[in-house]
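One-letter residues, chain by chain:
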Amino acid sequence: MAMETIIADANGIAASTSPSQVRVQLSTRYPDISLPENPGPILVNTNFRRYALSTLVNTLLQSERPIPFDFLINGTFLRTSLDEYLTANGISAETTLAIEFVRATIPPLYLASFEHDDWISSVDVISESSPAGKWAGSAGARRLGQERMLSGSYDGLLRIWSMSSEVLATSPSAGSGGHTSSIKTAKYISPSHVASAGLDRTIRLWKYSEDPDGFTASISPQVELYGHKASVDSLAVHQPSSRLLSASADHSLGLWLTKRSDAPAAPTSLLPSANSRSSKRRKLGPSTSTPQRGPLSLLRSHTAPVSDTIFAPNDHTVAYSTSWDHSLKTWDLPTSTCVDTRSTSHSLLSLTALPSLNLLAAGTSARHITLIDPRASATTISAMTLRGHTNAVVSLAADPDSNYGLVSGSHDGTCRVWDVRSSRSEKDGRVGESLYVVERESMKGKGRKIGGEGVKVFGVAWDKGVGIVSAGEDKRVQVNRGKGMVAEKSA
Amino acid sequence: MAPQPSSKKRKAVTCDSPEADQVLLSDGGDDSDTALLHGTRSQSEEETDVEDEDASSDLFDGYSDLEDEMDLEDALVSDQIPSTSERDLADLKRNGTATSSVTKEKEDAEGPPAKYKITEDANGNPRYIYDDIVPVYDSDDSDAPATQNTIGNVPLSFYDSYPHIGYDINGKKISRPAKGEALDALLDSIELPKGWTGLTDPTSGKPLELSQQELEVLKRIQMNEVPDEGYDPYPDTVEYFTSKTEMMPLSAAPEPKRRFVNSKHEAKQIMKIVRAIREGRILPYKPPPEEEVDDLQVKRYDIWANEIARPDHPMNVPAPKLPPPGYEESYHPPPEYLPDQNEEKAWEDADEEDRDKDFLPTNHDALRKVPGYDKFIKEKFERCLDLYLAPRVRRSKLNIDPESLLPKLPSLEELKPFPTTCATLFRGHDGRVRSLAVDPSGFWLASSGDDGTVKVWELLTGRQIWSVRLGSEEAVNVVRWRPGTEAVILSAAIGENIYLIAPPFVDPEIETKGREVLDAGWGYAANGATINATKEPAIQWTRPGSRLEDEGVLVKFSLRKTVKVISWHRRGEYFSTVCPQAQSSAVAIHTISKHLTQLPFRKLKGLAQSASFHPSKPIFLIATQRVIRSYDLSKQELVKIIQPGARWISSFDVHPGGDNLIVGTYDRRLLWHDLDLSVRPFKTLRYHKKAIRAVKYHQGGLPLFADASDDGSLQIFHGKVVGDMMENATIVPLKVLRGHTVKKELGVLDLDWHPSQPWLVSAGADGICRLWT
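Residues numbered from 1 in each chain as written. Chains lettered and ligands numbered in written order. Predicted model: local features only at pLDDT ≥ 70, side-chain atom pairs only at ≥ 80, totals over all residues. Heavy atoms only, no water.

The name an unreviewed UniProt entry assigns to chain B is Ribosome biogenesis protein ERB1, from the organism Alectoria fallacina. Word for word, the UniProt comment on chain B under Function (unreviewed entry) is "Component of the NOP7 complex, which is required for maturation of the 25S and 5.8S ribosomal RNAs and formation of the 60S ribosome." Recorded in UniProt under Subunit (unreviewed entry), the annotation for chain B is "Component of the NOP7 complex, composed of ERB1, NOP7 and YTM1. Within the NOP7 complex ERB1 appears to interact directly with NOP7 and YTM1. The NOP7 complex also associates with the 66S pre-ribosome." (UniProt positions renumbered as here; feature names shortened; annotations may be inferred.)

Per an unreviewed UniProt entry, the recorded name for chain A is Ribosome biogenesis protein YTM1, and the organism is Alectoria fallacina. According to the UniProt record, the Function (unreviewed entry) comment for chain A is "Component of the NOP7 complex, which is required for maturation of the 25S and 5.8S ribosomal RNAs and formation of the 60S ribosome." Among the UniProt annotations of chain A, the heading Sequence similarities (unreviewed entry) holds the following wording: "Belongs to the WD repeat WDR12/YTM1 family."

Quick one: what's the story with the overall build of chain B, residue by residue and with numbers?
Helix and strand counts for chain B come out as 13 helices and 34 strands. By residue count, 35% of the 773 residues in chain B fall in the buried class. Sequence separation of at least 24 residues holds for 50% of the intrachain contacts in chain B that already meet a minimum separation of 6. Put simply, chain B shows about 49,500 Å² of open surface, and 53% of that area lies on carbon and sulfur atoms. (Helix = DSSP H or I, 4+ residues; strand = E, 2+ residues; numbered from the N terminus. Buried < 20%, exposed > 50% of the residue type's maximum accessible area, 1.4 Å probe, protein only. Contact = heavy atoms within 4.5 Å. Areas by Shrake-Rupley, 256 points an atom, 1.4 Å probe, with all protein chains shown as cover.)

Let's hear about the overall build of chain A: which residues, and what values?
From N to C terminus, chain A includes five helices and 34 strands. Within chain A, the fraction of its 491 residues that count as buried is 58%. Looking at chain A as shown, the accessible area adds up to about 19,500 Å², and 51% of this sits on carbon and sulfur atoms.

Describe the environment of Gly178(A), listing the residues and the values that go with them.
All names here are of chain A. Structurally, Gly178 is set in the loop between strand E10 (166-170) and strand E11 (183-190). Sequence separation between Gly178 and Arg204 is 26 residues, and the spatial gap between their C-alpha atoms is 8.2 Å. Other than its neighbours up to four places away in sequence, Gly178 contacts Pro172, Ser173, Arg204 and Trp206.

Give me the pairing of strand E30 (residues 713-720) of chain B: which residues, what numbers.
Taken across its eight residues, E30(B) has seven buried, putting it largely inside the fold. Taken together, strand E29 (residues 704-709) of chain B and the strand that follows it, E30(B), pair antiparallel across an intervening segment of three residues, in which Gly712(B) is found at a positive phi of about 85 degrees. (Pairing = 2+ DSSP bridges.)

Tell me about the sheet that holds E29(B), and please be specific about residues and values.
Residue and element names in this part refer to chain B. Here four strands make up an open sheet; going across it, the order is E28-E29-E30-E31 and the pairing antiparallel. Strand pairing shows two members of the sheet lacking a second neighbour, strand E28 (692-697) and strand E31 (730-738), which therefore form its edges. Between one strand axis and the next, the sheet turns by 20 degrees as a mean value, whatever way the strands run. Sheet topology note: the E28/E29 ladder contains five bridges and is antiparallel. For Val695, the partnering residue across the bridge sits in E29 and is Asp707. (Axes fitted to C-alpha atoms, helices over the stretch in contact; angles between N-to-C directions.)

Could you give me a rundown of the nonpolar core, with the residues and numbers involved?
Among the nonpolar cores identified, the biggest contains 52 residues, and Leu26(A), Phe71(A), Leu82(A), Ile99(A) and Leu371(A) are the most heavily contacted of them. By residue number, the principal contributor to this core is helix H2 (residues 50-61) of chain A, which donates six residues. Non-local contacts of Leu371(A), meaning those with residues more than four positions away in its chain, are made with Leu354(A), Leu359(A), Leu360(A), Ala361(A), Ile381(A), Ser382(A), Ala383(A), Met384(A), Leu386(A) and Val420(A). Counting 45 residues, the second-largest nonpolar core is a separate cluster that includes Val456(B), Trp466(B), Trp481(B) and Tyr499(B). (Core = buried A, V, L, I, M, F, W, Y, C linked by side-chain atoms within 4.5 Å.)

Got a sec to walk through the packing of aromatic side chains? Specific residues and values, please.
For any pair of aromatic rings, the description rests on two quantities: the centre-to-centre distance and the angle between the ring planes. Using the criterion set out here, one finds 27 aromatic pairs over all chains in the structure. Residues Phe426(B) and Trp457(B) carry aromatic rings whose centres are separated by 5.5 Å and whose planes lie at 70 degrees to one another, so their mutual orientation is edge-to-face. Here Phe426(B) is found in strand E7 (residues 422-427), whereas its partner Trp457(B) is found in strand E10 (residues 453-458), with 31 residues between them in sequence. A residue is classified by how much of its surface remains accessible, and Phe426(B), at 0% relative accessible area, is buried. One aromatic cluster is present, formed by Trp324(A), Phe443(B), Trp444(B), Trp466(B), Phe505(B) and Trp759(B) through successive ring pairs. (Phe/Tyr/Trp six-rings, centres within 6.5 Å; stacked < 30°, edge-to-face > 60°.)

Explain unusual backbone geometry to me, and be specific about the residues and the numbers.
In this model, Lys416(B) is joined to Pro417(B) through a cis peptide bond whose omega is 5 degrees. Summarising the element assignment, Pro417(B) is placed in the loop between helix H10 (402-405) and E7. Despite not being glycine, Asn358(A) shows a phi value in the positive range, around 55 degrees. Mapped onto the elements, Asn358(A) comes out in the loop between strand E24 (348-354) and strand E25 (359-364). In the Ramachandran plot, Asn224(B) falls in the positive-phi region, its phi being about 65 degrees despite a non-glycine side chain. Counting through the fold element by element, Asn224(B) comes out in the loop between helix H6 (212-222) and helix H7 (264-279).

Got a sec to walk through a positive patch on the surface? Specific residues and values, please.
Judged by side-chain charge, Arg626(B), Arg647(B), Arg668(B) and Arg686(B) come together as a positively charged surface patch. Locating Arg626(B) in the fold gives a position in the loop between strand E21 (619-624) and strand E22 (628-632). (Patch = residues over 30% accessible without salt bridge, like charges linked within 9 Å, V, L, I, M, F, W, Y side chains within 5 Å. Salt bridge = Lys/Arg side-chain N within 4 Å of Asp/Glu carboxyl O. Lys, Arg positive; Asp, Glu negative; His and termini not counted. Charge placed at Lys NZ, Arg CZ, Asp CG, Glu CD.)

Account for helix H11 (residues 508-519) of chain B, with residues named and values stated.
Residue and element names in this part refer to chain B. Under the 1.5 Å per step criterion, the end-to-end length of H11 is 16 Å for 12 residues, consistent within 8% with the ideal 16 Å. Buried within H11 are the following residues: Pro508, Ile510, Glu511, Gly514, Arg515 and Leu518. Angular distribution of buried residues about the axis of H11 spans 160 degrees; they occupy a single face of the element. (Expected span 1.5 Å × (residues − 1). Arc of directions from axis to C-beta.)

Requested: an account of the side chain of Ser321(A), with residues and values cited.
All names here are of chain A. Counting through the fold element by element, Ser321 comes out in strand E21 (residues 318-323). Judged by its relative accessible area of 0%, Ser321 falls in the buried class. Polar contacts involving the side chain of Ser321 include one to the side chain of His302, which spans 2.7 Å. Excluding residues within four positions of it along the chain, Ser321 makes contact with Leu253, His302, Val306, Asp308, Thr309, Ser327, Leu328, Lys329, Trp331 and Leu351. (Polar contact = N/O pair within 3.5 Å; in protein donor to acceptor, adjacent residues only side chain to side chain.)

Describe the sheet that holds E7(B), listing the residues and the values that go with them.
Residue and element names in this part refer to chain B. If you trace the four strands from one edge of the open sheet to the other, you get E7-E34-E33-E32, paired in antiparallel fashion. Edge positions in the sheet fall to E7 and strand E32 (748-753), since each of these pairs with one other strand and no more. With strand direction ignored, the average angle separating the axes of adjacent strands in the sheet is 20 degrees. Examined bridge by bridge, strand E33 (residues 760-764) and strand E34 (residues 768-772) share four bridges and lie antiparallel to one another. Looking at the pairing, Val761 lines up with Leu771 of E34.

An account of the pattern of salt bridges is needed here, citing residue identities and associated values.
Two side chains of opposite charge can pair, provided their charged atoms sit close to one another. Inspection of the entire model under this criterion finds 34 salt bridges over all chains. A salt bridge links Arg281(B) to Glu279(B); the shortest N-O distance between them is 3.0 Å. Put simply, Asp710(B) and Arg693(B) hold a salt bridge, and the shortest N to O gap is 3.1 Å. Of this pair, Asp710(B) sits in the loop between E29 and E30 while Arg693(B) sits in strand E28, placing them 17 residues apart in sequence. One salt-bridge network, in which partners are shared between bridges, spans Asp117(A), Asp155(A) and Arg159(A).

Would you mind going over the pairing of strand E16 (residues 243-248) of chain A in detail, with residue names and values included?
Residues and elements named next belong to chain A. With respect to burial, E16 is a largely interior element, five of its six residues being buried. Hairpin geometry of strand E15 (residues 232-238) and E16 is characterised by an intervening segment of four residues between the two adjacent antiparallel strands and by a positive phi of about 55 degrees at Ser242. Note that E16 and strand E17 (residues 252-257) share five bridges and pair antiparallel. Within the sheet, the bridge partner assigned to Leu244 lies in E17 and is Trp256. The hairpin formed by E16 and E17 contains three residues between the paired strands, and His251 there has a positive phi angle of roughly 75 degrees.

Break down the interface of chain A and chain B for me, citing the residues and quoting the values.
The figure often quoted for interface size is the accessible area lost as the parts come together. Each partner contributes to the interface: chain A provides 33 residues, whereas chain B provides 31 residues. Between chain A and chain B the total buried area reaches about 2,800 Å² when both faces are included, carbon and sulfur atoms providing 49% of it. Here chain A and chain B share three salt bridges between them. Across the pair Asp118(A) and Arg463(B) runs a salt bridge, and its minimum N-O distance is 2.6 Å. Scanning the region where chain A abuts chain B turns up 14 residue pairs in polar contact (both at pLDDT 80 or more). When residues of the side of chain A that touches chain B are assigned to their parent elements, the largest contribution, three residues, is made by helix H5 (residues 276-282) of chain A. Among the residues forming the side of chain A that touches chain B, the class breakdown is 10 nonpolar, 11 polar and 12 charged. (Buried area = accessible area lost by both parts, 1.4 Å probe. Nonpolar A, V, L, I, M, F, W, Y, C, P; charged D, E, K, R; others polar.)

Tell me about the side chain of Glu100(A), and name the residues and values.
Residues and elements named next belong to chain A. Relative to the elements of secondary structure, Glu100 occurs in strand E5 (residues 96-103). Glu100 sits in the buried class, given a relative accessible area of 14%. Setting aside residues no more than four positions away along its own chain, Glu100 makes contact with Ser27, Thr28, Arg29, Asp70, Phe71 and Leu72.

So, the UniProt feature "repeat: WD" (unreviewed entry) in chain A: which residues are in play, and what are the values?
Residues and elements named next belong to chain A. UniProt tags residues 176-207, 225-256, 299-341 and 386-428 as "repeat: WD" (unreviewed entry). In residues 176-207, helix accounts for 0% and strand for 59%; the two terminal C-alpha atoms are 15 Å from one another. Span residues 225-256 is 0% helix and 59% strand, its end C-alpha atoms 8 Å apart.

What follows is the structure, given as structure tokens:
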């Protein structure tokens with residue numbers, strides 16, 4: 001009771017004025033914001049909303065700078081008053097509510113758009129916290145404010161952008177060693193190395209050099225990797241082991257070395273020079289000057305186009321791949337064998353890992369995201385389903401700040417931010433709903449487009465410093481602030 | 001019997017006797033000399049004897065004097081006047097007889113000369129020559145009729161006070177016959193003549209005599225018999241219709257037609273009546289009687305006059321009606337309702353309250369044998385008690401879940417996956433998109449349209465990868481991929497030309513393979529030409545020209561008529577084309593490796609609409625407007641004619657299993673044929689508002705099929721075919737996909753399934769292709 005009076009005093013609300021009160025038990029998963037001493041069940045007015053509860057927790061924490069909190073009750077964020085919540089869910093005010101508080105997320109604010117000439121298929125960011133930046137270490141890492149953004153476009157060109165929406169460098173055209181067709185994927189290997197692949201069935205490694213002043217830069221082709229017989233749709237890089245994984249529509253996964261010296265020779269039949277007719281017709285420039293290499297191995301087990309692949313977050317000898325044949329396969333890379341196959345009921349189009357939860361998130365053509373536990377011990381294939389998109393989910397990125405957040409890009413023209421903790425049980429397993437929907441800025445206020453026409457999102461990346469970067473059919477890279485959107489421990 | 005007639009006789013006698021006496025007393029003297037009475041005199045002598053007897057009998061019988069006196073008086077009164085008339089009559093008669101006797105005497109006196117002359121004949125014997133009879137009036141009165149009374153209808157009683165009873169034809173009085181003559185009466189009474197009745201004929205006043213025949217009749221009437229003599233009341237039965245059944249007909253003549261032909265005359269009569277009824281001349285039913293005007297004298301009270309309909313309220317429950325009696329309660333129930341012995345015993349053993357029914361069905365032969373129902377009073381009493389005491393509860397009338405009336409279909413959740421939403425739009429064609437196809441690997445989509453281009457798209461993203469313009473005036477009616485992933489070849493028909501394309505966007509290795517496949521037949525082309533040169537110039541496979549060759553278009557040939565359908569054989573070696581306008585060369589089969597075009601179906605009945613190879617057998621199916629014919633290619637014979645019963649088939653598709661067929665028609669029907677079952681449709685689905693343009697089975701193992709219609713919608717069906725012959729295919733409508741806009745009465749022109757995924761692509765007349773996932 002003493003505590004209660006304190007609370008009531010602290011909030012300036014007379015507890016006695018409102019007769020309806022409910023007993024709550026506050027808890028959190030984060031030690032840094034955990035309450036100094038367990039206060040036990042607290043009586044609060046049922047007309048409290050998030051803000052009042054947040055003030056209460058801040059009072060309890062006695063923090064000098066108030067932290068906005070969000071409150072999870074039974075897996076849903078409190079968005080109404082407690083009274084309304086109780087009524088809506090049919091919970092008696094007599095029971096003790098277990099409320100978990102987390103740092104409040106902030107809606108993703110639109111920051112900027114980078115305009116292109118053609119559809120953008122893929123986007124990647126390098127910063128000091130991005131994987132490539134981390135691998136590079138302090139030496140080559142991009143400091144805060146010096147992040148660079150890489151975009152691969154359907155016009156076959158790679159572009160490197162500074163965060164002030166300037167194109168620092170553009171890859172050479174098809175005639176001078178560039179991609180002869182659309183780029184489907186592009187990834188940073190290191191701050192100075194870039195990999196890209198696309199419809200021309202080749203993976204190209206590029207060297208990116210930037211003047212110290214940061215205003216002029218150049219991309220030069222380094223290696224061309226031949227081996228796939230169809231469009232390469234996705235790349236995964238692991239810089240420390242110089243490995244590169246590619247997922248291709250020819251139903252195979254390619255494992256490549258990024259080092260030119262060690263990589264095996266390219267299969268001659270696939271080289272453009274092998275086909276005299278096409279080379280004669282298409283050779284417009286000195287394309288042969290670029291070294292051509294072949295794959296370390298091609299992993300064939302999928303029966304349909306492979307849509308996405310990643311290295312296991314903790315073990316670079318393990319890779320996961322998703323395919324149109326509904327399966328998620330686990331590969332042991334040293335032996336190039338398929339270790340495990342998880343079959344779902346839909347075509348899987350994208351993949352990302354949630355390392356701390358030991359889950360893989362896979363976007364499907366059936367408009368949802370499936371969370372799959374790839375471990376052999378897992379009993380169920382689908383741990384959770386995230387529903388909300390209205391078209392195929394083709395790109396996923398994990399929240400760099402949180403273990404529970406992820407962002408998805410879909411053909412319906414939206415990116416959605418998810419918190420896997422916010423979920424409810426339905427008859428077909430746990431189902432989550434998105435926290436925020438990031439619309440395309442180019443289509444603001446024009447309503448929903450059927451089939452995501454003109455606004456399809458093809459690529460999404462989430463960087464700690466830059467935020468959510470998404471690109472798509474509207475020929476723009478859109479940057480939204482991503483920090484603090486999904487609650488995570490503060491620094 | 002004996003004493004009665006005797007007494008009657010005697011009575012009659014007594015009646016008459018005083019009269020007779022009177023007559024005797026009065027007329028006794030006159031009669032003595034009348035010649036008329038000569039004959040009766042002897043009789044009267046006898047009568048006197050009888051009279052004596054009668055007198056004695058009077059004494060014996062002791063008849064009342066009063067009665068006698070009355071009669072006597074009557075007789076006196078009656079005889080007062082007649083005495084004179086009778087006398088006159090007697091005189092007349094006496095005169096009559098007198099005159100006649102006089103003439104006779106005259107004749108006798110005058111002798112023969114009066115009437116005849118005696119001459120002498122040749123022998124000297126006398127010869128009598130008689131005078132001619134003069135035919136004067138009354139010349140021969142022997143023929144004169146008996147005097148006729150001419151009083152007409154006047155009753156004779158009017159003359160009772162006169163001595164005469166009327167007048168004869170000459171106006172002379174007819175004297176009363178001597179009826180009352182006592183002697184006559186006495187004599188009559190003594191010897192009753194045959195047929196004596198004692199009655200007087202009212203017309204003639206004579207005693208009524210009956211003939212023997214009449215007596216017989218009277219006797220029979222008395223005996224309660226039919227008066228007619230020859231009548232037999234019990235004649236033998238004449239069997240007009242025998243009880244014996246004749247086996248043979250009486251006549252072998254065939255039954256005349258009129259026996260079973262409706263009578264025209266009757267029909268006419270009926271029509272006459274019908275017409276009269278229609279015109280209102282005849283009222284078929286008696287109009288209901290007019291409400292009788294209330295008799296003001298009688299006072300009537302309408303006790304329900306002020307009653308208002310009570311609202312349907314739980315507090316006002318009308319008395320429940322007893323159910324109508326069933327078969328069991330019949331006096332003569334059907335045998336299945338009759339309890340057997342065990343049931344009967346069980347019923348009797350059961351406590352009265354435990355019985356399921358309070359009576360035992362019993363069989364009676366006839367209604368009159370049904371005994372009285374002993375529980376009637378009790379039952380009625382209990383019913384009244386029930387109505388009075390039992391609280392009533394309203395029960396809702398019908399508790400049928402409407403859902404349960406629907407046929408049991410598998411839930412849509414179970415039938416997933418199937419396309420539900422539009423995932424991608426493929427915008428880029430100028431004008432209608434006529435045809436589209438997903439490539440065997442499922443990565444590309446080829447489409448063609450009115451703008452004369454063939455475009456290839458990335459299926460998932462909707463990115464146009466490649467495009468070639470085959471012509472500018474004509475539309476590319478159809479585009480199809482060659483089956484098989486080892487070589488990618490695209491076939492397209494623009495107008496009457498067919499192009500075979502090895503598209504350059506694929507892997508060089510595959511592209512090279514495709515080129516090899518297409519180029520392999522160049523050597524054969526010349527040979528083929530020589531073979532066919534006899535009939536008509538063979539169809540030449542040529543190079544399309546360097547511009548197109550650079551684009552990857554390698555082969556071109558013309559079929560002289562607009563090609564509407566291309567259908568590939570599963571191995572990719574053959575493909576067939578259909579040109580509906582070409583009469584005998586409508587269906588052509590082309591061999592890729594030899595660059596050879598054959599026209600095997602020259603005598604096709606009807607306009608060919610579509611054609612297809614069977615997915616597993618060497619069977620070729622050709623759809624004309626109304627039927628689909630399947631031909632065995634190896635035996636070169638017609639196998640089956642499938643009759644969908646449609647007016648105009650637009651397209652058809654064979655199930656990958658090979659035993660089922662779907663047919664789309666321009667008359668809006670989608671027909672499922674089970675080829676093993678029948679040549680008629682197994683199921684008819686008519687859900688579209690407009691013509692169906694295209695139908696397609698999913699070829700990648702999913703039990704799906706879809707149709708595209710001019711109403712701008714696509715319909716997805718679940719069509720599961722079980723290998724078991726006993727089980728029919730399950731067909732469930734799944735989803736209507738709407739999105740295409742209808743332009744110029746055209747909606748969706750073509751559709752295709754993804755080879756493995758449950759994805760559908762459709763080509764719209766609005767120039768947009770759509771991917772549905």
